[in-house]
Amino acid sequence: MTGPSALIQSRYEVIRLKDGSEVVGMTKDLGEYLEITLPMICQLSLVPGTPRTNAVFYPYSPLSSDERVKLPKTIIVHRNLMNEQFIPFY
């Protein structure tokens, strides 16, 4: 049977941590913690000679086998919804 926690919608967010790093991923609010599924770091760069931006996603913890990371909210400085144009590339 599915419990109430399964009914909480995940959403894509950009998370800035106290150490200055930014993480993107599907997030779920767990009270004192934020669960991030498939956390990634996004590197944006301009494509030379064009007005286009290249977005490259790489794993937050590339050597880990964990699909989810729980971060205490005390280390989070800012949360924002991820721009929808980047979600298909995530």
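Residues numbered from 1 in each chain as written. Predicted model: local features only at pLDDT ≥ 70, side-chain atom pairs only at ≥ 80, totals over all residues. Heavy atoms only, no water.

(A) Up close: the pairing of strand 4 (residues 53–59). In terms of strand pairing, strand 3 (residues 33–46) meets strand 4 through seven bridges, oriented antiparallel. When the bridges of strand 4 are listed, C42 appears paired with F57. Counting the residues that bridge the hairpin from strand 3 to strand 4 gives six residues, and of these G49 lies at a positive phi of roughly 80 degrees. (Pairing = 2+ DSSP bridges. Helix = DSSP H or I, 4+ residues; strand = E, 2+ residues; numbered from the N terminus.)

(B) View of the nonpolar core. By size, the foremost hydrophobic cluster in this structure holds seven residues: I15, L17, V23, L34, I36, L71 and I76. The set of elements that each furnish at least two residues to this core consists of strand 1 (11–17) and strand 3. Counting residues in hydrophobic clusters, the runner-up holds six residues, among them V24, M40, A55 and F86. (Core = buried A, V, L, I, M, F, W, Y, C linked by side-chain atoms within 4.5 Å. Buried < 20%, exposed > 50% of the residue type's maximum accessible area, 1.4 Å probe, protein only.)

(C) The arrangement of the layout of surface pockets in detail. Within this model, the largest pocket holds a volume of roughly 180 Å³. Taken together, V14, E22, V24, I41, C42, L44, F57, M82, N83 and F86 make up the lining of the largest pocket. Of all the secondary structure elements, the ones that give two or more residues to the lining of the largest pocket are strand 2 (22–29) and strand 3. By residue number, the principal contributor to the lining of the largest pocket is strand 3, which donates three residues. Here the lining of the largest pocket is built from residues that sort into eight nonpolar, one polar and one charged. (1 Å grid on protein atoms, 1.4 Å probe; cavity = no way out; pocket = protein on both sides within 12 Å on 5 of 7 lines; lining within 4 Å. Points joined across faces, edges and corners; volume = space filled by probe spheres on them. Nonpolar A, V, L, I, M, F, W, Y, C, P; charged D, E, K, R; others polar.)

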